[in-house]
There are 2 protein chains.
Amino acid sequence: MGLIKKPVTGMKDVLPLEMEVREYVIGVIKETYHAFGFSTIETPSVEHIENLSSKQGGENEKLIFKILKRGEKLNLNEASCEKDLVDCGLRYDLTLPLVRYYSNNSSKISTPFKALQIGSVWRADNPQKGRYRQFYQCDIDILGEPSNLAEIELILATTTTLSKLGFSGFEIRINDRRILKAMAAYSGFEEENYDQVFIALDKMDKIKAEGVEAELLENGFSKEMVSKYLNLFQEISDAENGLAFLVETLGEYLEDAVSSELKEIIDSVSQTKTADFQMVFDPSLVRGMSYYTGTIFEIAIPAFHASCGGGGRYDKMVGKFTGTDVPACGFSIGFERIIMLLMEQGFQIPKKKQKVAFLIEKGIAKEEICKIITEAQKERESGVQVSLMRMNKNKKFQIEQLEKEGYTVFKKFFREALK
Amino acid sequence: MGLIKKPVTGMKDVLPLEMEVREYVIGVIKETYHAFGFSTIETPSVEHIENLSSKQGGENEKLIFKILKRGEKLNLNEASCEKDLVDCGLRYDLTLPLVRYYSNNSSKISTPFKALQIGSVWRADNPQKGRYRQFYQCDIDILGEPSNLAEIELILATTTTLSKLGFSGFEIRINDRRILKAMAAYSGFEEENYDQVFIALDKMDKIKAEGVEAELLENGFSKEMVSKYLNLFQEISDAENGLAFLVETLGEYLEDAVSSELKEIIDSVSQTKTADFQMVFDPSLVRGMSYYTGTIFEIAIPAFHASCGGGGRYDKMVGKFTGTDVPACGFSIGFERIIMLLMEQGFQIPKKKQKVAFLIEKGIAKEEICKIITEAQKERESGVQVSLMRMNKNKKFQIEQLEKEGYTVFKKFFREALK
């Protein structure tokens, strides 16, 4: 017959050792986020194709796994385009389904609504090391909270979680979409060109100011505007207090409330944090998703030269479903990256239970089996993990394999007598 | 714009209260199965369409959510049938992916391999109360263990889990596909008609012996054969020891080993069980899946008039992938049914953490906010769940909503002073 043994392209089988780390991390995440009052929820993996294609997902909308209509609705002969064949698809993130969920269930949940989601998302991206087509996302979101209490809670909860997972000395970089826009306006860019400017700026970490300058000039912007814009970043970075300098420089290009609220977030978090990290105002932080309307933030872990998660405020998305905007803010941990980091560092799970193997020789008497099982049941009750298994002919190899899986105690039961 | 608020047909949004029960049950399941030496694994939700359509899934193969090819592989104009459009689909169970996983990773895992899987599966079935198109399955399987030690461990682990979830007085009904066949052969049915006979027999619980008789006669089987067959069930049920009676009656139609091993399972489990349940030999137990090759079993909980899970031995499935058969046996808990039962009974989670809401009036001074957050952080450290939130104008309604979500303590912070 010959069935296919490999997983589908870009997806992976999770082996027991990695799975133990994943389960441990999920446990820490849930415990910490619950302590901050977030409630776990779940949405279906499958979403309406109309919602998935509604321009909320940016580039991700090009990567949707689309699902074929079923039964009478599927009419192959008359189908002339993809739309005729497809009615739903796999979710590419957890934010869009959350907003649909909130819109659908708002009468049944309290306001503000603090949601925790841990689940798979799917993107038909080019597979590469550490990037899969099915992967976990782990998001917390607060809906219905207009004040920056939302940002403060999200950042404290996320950093406390990272700290409990052993991370320290990291940064939370923070910015506001409105600061991005004000800086572009101040430098003379037209609003219709902001996206182009921000796409270049987003690469600052990788291609440095020179690279951003080259890209902007190539896009046809004047040398004067580009210089003014990039000088601003340099001046902020040179200033003793970057944010204060920026406020003074931008003047009426920036509403007072934007900078004072951002300062309040940075100050409140810095004064109340329990984890070891720095809050850093980063005027070059862009965050790709176009749905962000205010604050944006990102985790930078020194050991990992890319973002390990991020989020921001998206006050306009609920309105796309209900017609009435609801303030919303979320923070997503880069779950797969964190797992990869921990696995690479040979992470050991604390307080792991002892794993004991009972190896039973073939042909042992029935009454002996019952005694062995009873002994195993007692050990299990006392909190030990006991696995009963037949002793293989090659005992040595069997024990070596089991040791790799974390078994440390081997109890052998032979045919002649219990030893 | 008007996006769609409802989930796709037949799928559901899980609200926080049900989610708490689900998370608690998953916790108990994992802890118990780990104590028995099962390792959690995960396979992708998406499987090759070739594997999903390989006749291992019986009727479920008609219910696959199929996924459209992507990029260059999708050629709408030249597509003449579904096969041209589809390359993968959502898994309809966890057994087929497990067997693919085992075949793919056998060099990296120990033998016997004891796997625990908890995950979503998808079936485009007609939705009805308690039956969704996306639902959780929870399976344990032992691969590479030919002896009935596998069945004994699976049944003990599953019943211990059910017991820890508060179920008692239930039955594990057990049979063997080879007994089913021997009884049919003894009664004079031809092998090619077994499936037809078993489909009728499978309805015994619902339509009783009379209904089964009517269906078999309608299918054209002789009155003599049908009577002989149904009398056998009556005689087994009347006998003091049904299994012993059956062995004696069937004579050479049934291999000795089949009945002695079945007896061994019943005796060993009965003697070593810690949960309150009965092992019952049930010669009318069929279990639908055609891949079963030996023992089959099912959970019957009095409060629920349908199977709450089941499983059996399927020694021939790994061979479909690798060419070499590997003994395999699994037990699946009816996760969604158990959740439904617990929810209907108003299940209360034991040792639930206290939920405290800090309600903060709008416009409170910044310094006060920091004090409040610090207080919340301390309470969280001590194991309490604390949620900070803005005080709504309608405090009474807000508190009522929060009470529904399990909040019991409300601390209010007003603008003028900390009270």
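A brief look at the structure comes next. Every chain begins its residue count from 1, and numbering advances along the sequence as written. Chains and ligands are labelled by the order in which they are written, letters from A for the one and numbers from 1 for the other. Residue-level local features of this predicted model are given only where pLDDT is at least 70; pairs of side-chain atoms are given and counted only at 80 or more, and the full residue set underlies all totals for whole chains, interfaces and linings. Water and hydrogen atoms were dropped before computing side-chain values, which therefore reflect all heavy atoms in the structure.

### Observations regarding the sheet that holds strand β14 (residues 409-413) of chain B
All names here are of chain B.
So, step 1. The pairing criterion is simple: DSSP has to find at least two bridges between the two strands. Numbering goes from the N terminus for both helices and strands, where a helix is a DSSP run of H or I of at least four residues and a strand is a run of E of at least two. In spatial order, the strands read β13-β12-β14; together these three strands make up an open sheet with parallel pairing. The open sheet has two free edges, formed respectively by β13 (385-390) and β14, since each of these has just one partner strand. Strand after strand, the sheet turns through a mean of 20 degrees between neighbouring axes, direction not considered.
So, step 2. As paired strands, strand β12 (residues 355-360) and β13 are joined by six bridges and run parallel to one another. In the sheet register, leucine 359 faces β13, and the bridge partner there is methionine 389.
So, step 3. Only heavy atoms enter the contact rule, under which two residues are in contact if any of them lie within 4.5 Å. Here, axes are lines fitted to C-alpha atoms. For helices the fit covers the stretch in contact, and angles between N-to-C directions go from 0 to 180 degrees. Strands β12, β13 and β14 of the sheet are contacted by helix α15 (residues 395-404), whose axis makes an angle of about 150 degrees with β14.

### Concerning the relation of the copies chain A and chain B
So, step 1. Each copy is superposed on the other by least squares, with the fit set by C-alpha atoms of residues at a pLDDT of at least 70 in both. The transform that puts chain A on chain B rotates by 180 degrees and translates by 0.0 Å along the axis, for an RMSD of 0.1 Å. Here the symmetry operator amounts to a two-fold rotation axis. Considering only C-alpha atoms, the residue of chain A closest to the rotation axis is Ile67(A), which sits at 2.3 Å.
So, step 2. When you check the interface residues of chain A against chain B, 99% turn up at the interface there too, and the contact is symmetric in its surfaces.

### Regarding the interface of chain A and chain B
So, step 1. Listed by partner, the interface residues are 107 residues for chain A and 108 residues for chain B.
So, step 2. Across the chain A to chain B interface the summed buried area is about 9,400 Å²; carbon plus sulfur atoms make up 58%.
So, step 3. Buried area is understood as the total, over both parts, of accessible area removed when two parts are fitted together, assessed with a 1.4 Å probe. The largest share of the area that chain A buries against chain B comes from Leu3(A), Lys5(A) and Glu42(A), three residues that together contribute 7% of it.
So, step 4. Across the salt bridge formed by Lys30(B) and Glu23(A), the nearest N and O atoms sit 2.8 Å from each other.
So, step 5. Pairs of N or O atoms are called polar contacts if they sit within 3.5 Å, as long as, within protein, a hydrogen donor faces a hydrogen acceptor (for residues adjacent in sequence, only side-chain-to-side-chain pairs). Counting every contact that joins chain A to chain B gives 52 residue pairs in polar contact (both at pLDDT 80 or more).
So, step 6. Its residues placed into classes, the side of chain A that touches chain B shows 47 nonpolar, 30 polar and 30 charged. Definition used for salt bridges: Asp or Glu carboxyl oxygen within 4 Å of a side-chain nitrogen of Lys or Arg. The residue classification treats Ala, Val, Leu, Ile, Met, Phe, Trp, Tyr, Cys and Pro as nonpolar and Asp, Glu, Lys and Arg as charged. All others, Gly included, are polar.

### Some remarks on the pairing of strand β8 (residues 277-281) of chain B
Residues and elements named next belong to chain B.
So, step 1. Think of it in three bands: residues with accessible area under 20% of the maximum for their type are buried, residues over 50% are exposed, and the middle band is partly exposed, with areas taken using a 1.4 Å probe on protein chains only. Of the two faces of β8, only one is covered, namely that formed by Phe277, Met279 and Phe281; the face formed by Gln278 and Val280 stays uncovered.
So, step 2. For strand β7 (residues 170-176) and β8, the ladder comprises five bridges, and the chain directions are parallel. The residue bridging isoleucine 172 from the neighbouring strand is methionine 279, located in β8.

### With respect to the sheet that holds strand β10 (residues 307-313) of chain A
Residues and elements named next belong to chain A.
So, step 1. Strand order across the open sheet formed by eight strands is β1-β5-β6-β11-β10-β9-β7-β8, with mixed pairing between neighbours. Two strands in the sheet have a free side with no partner beyond their single neighbour: β1 (39-40) and β8 (277-281).
So, step 2. Bridge analysis of strand β9 (residues 295-300) against β10 gives four bridges, and the strand direction is antiparallel. Counted as the bridge partner of alanine 300 is serine 307 from β10.
So, step 3. Where helix α13 (residues 335-344) meets the sheet, it contacts β6 (134-143), β10 and β11 (328-333), and its direction lies at approximately 125 degrees from that of β6.

### Re the pattern of salt bridges
So, step 1. For the structure on display, the rule yields 62 salt bridges over all chains.
So, step 2. Between Arg390(A) and Glu145(B) there is a salt bridge, and its shortest N-O distance comes to 3.7 Å. Pair noted here: Arg390(A) is in strand β13 (residues 385-390) and Glu145(B) is in the loop between β6 (134-143) and α5 (149-164), and the two residues belong to different chains.
So, step 3. Among the salt bridges present, the one from Glu400(B) reaches Lys396(B), with a minimum N-O distance of 3.6 Å. Remark: Lys396(B) and Glu400(B) occur in helix α15; sequence separation between them is four residues, near one turn of the helix.
So, step 4. Overlapping salt bridges bring together Lys12(A), Glu18(A), Arg22(A) and Glu336(A) as one network.

### Focus: the nonpolar core
So, step 1. Definition of nonpolar core: a set of buried residues of the types Ala, Val, Leu, Ile, Met, Phe, Trp, Tyr and Cys, connected through side-chain atoms within 4.5 Å. Judged by nonpolar contacts, the single largest core of 236 residues is most densely connected at Phe189(A), Tyr229(A) and Tyr229(B).
So, step 2. Among all residues touching Phe189(A), those that are not within four sequence positions of it are Ala184(A), Tyr194(A), Val197(A), Leu216(A), Phe221(A), Met225(A), Val226(A) and Tyr229(A).
So, step 3. Core analysis: the next-biggest nonpolar cluster, separate from the first, contains 18 residues, Met11(A), Ile67(A), Trp122(A) and Ala124(B) among them.

### A short note on helix α11 (residues 256-272) of chain B
So, step 1. For a helix, the expected span equals 1.5 Å multiplied by the residue count minus one. End to end, α11(B) covers 24 Å across 17 residues, agreeing with the expected 24 Å (1.5 Å per residue, within 8%).
So, step 2. Within α11(B), burial applies to Val258(B), Ser259(B), Leu262(B), Ile265(B), Ile266(B), Asp267(B), Ser268(B), Val269(B) and Thr272(B).

### Let's talk about the environment of Val226(A)
Residues and elements named next belong to chain A.
So, step 1. With respect to the helices, strands and loops of the structure, valine 226 is situated in helix α9 (residues 223-238).
So, step 2. As for valine 226 and glutamate 405, which are separated by 179 residues in sequence, their C-alpha atoms are 57 Å apart.
So, step 3. For valine 226, the contacting residues outside a window of four places in its chain are Phe189, Glu213, Leu216, Leu217 and Phe221.

### Examining the pairing of β6(B)
A regular strand places its side chains on the two faces of the sheet in alternate fashion.
All names here are of chain B.
So, step 1. Burial of β6 is extensive: ten of the ten residues sit out of reach of the surface.
So, step 2. Neither face of β6 is exposed, since Gln134, Tyr136, Cys138, Ile140 and Ile142 on one face and Phe135, Gln137, Asp139, Asp141 and Leu143 on the opposite face are all buried.
So, step 3. Pairing between strand β5 (residues 113-122) and β6: ten bridges, direction antiparallel. Of the residues in β6, the one forming a bridge with alanine 115 is aspartate 141.
So, step 4. In this structure, β6 lies alongside strand β11 (residues 328-333), joined through six bridges in antiparallel fashion. Bridging from a neighbouring strand, aspartate 141 pairs with glycine 330 of β11.

### Some details on the side chain of Ser268(B)
So, step 1. You can see Ser268(B) is positioned in helix α11.
So, step 2. In this view, Ser268(B) contacts Cys370(A) and Ile152(B); residues no more than four positions away in its chain are not counted.

### Quick word on the environment of Ser106(A)
All names here are of chain A.
So, step 1. With respect to the helices and strands, serine 106 occurs in the loop between α4 (95-105) and β5 (113-122).
So, step 2. On the basis of relative accessible area, serine 106 is assigned to the partly exposed category, the value being 35%.
So, step 3. Along the chain, serine 106 and lysine 5 lie 101 residues apart, while their C-alpha atoms are 44 Å from each other.

### Re the packing of helix α6 (residues 177-186) of chain B against helix α10 (residues 242-250) of chain B
Residue and element names in this part refer to chain B.
So, step 1. In contact at an axis separation of 11 Å, α6 and α10 are set at 45 degrees when each is read in the N-to-C sense. If you check the angle between α6 and α10, you find them oblique. For the pair α6 and α10, the crossing hand works out as left-handed. Every residue of α10 that contacts α6 at Ile179, Ala182, Met183 and Tyr186 is listed here: Leu243, Leu246, Thr249 and Leu250.
So, step 2. Here the residues of the contact of α6 with α10 sort into seven nonpolar, one polar and no charged. Should an angle fall under 35 degrees it is taken as roughly parallel, and over 145 as roughly antiparallel, whereas 65 to 115 is taken as roughly perpendicular and any remaining angle as oblique. For a crossing to be left-handed, the near helix must be turned anticlockwise from the far one by less than a right angle; the clockwise case is right-handed.

### What to know about unusual backbone geometry
Peptide bonds are mostly trans, and most non-glycine residues show a negative phi.
So, step 1. Here the residue pair Thr111(A) and Pro112(A) is connected by a cis peptide bond, since its omega of -5 degrees sits within 30 degrees of zero.
So, step 2. In the Ramachandran plot, Arg287(A) falls in the positive-phi region, its phi being about 55 degrees despite a non-glycine side chain.
So, step 3. Examined against the element boundaries, Arg287(A) turns out to sit in the loop between β8 and β9.
So, step 4. The backbone phi angle of Lys208(B) is positive, close to 60 degrees, even though this residue is not glycine.
So, step 5. Within the secondary structure, Lys208(B) is located in helix α8 (residues 204-218).
So, step 6. Its relative accessible area of 49% is what places Lys208(B) among the partly exposed residues.

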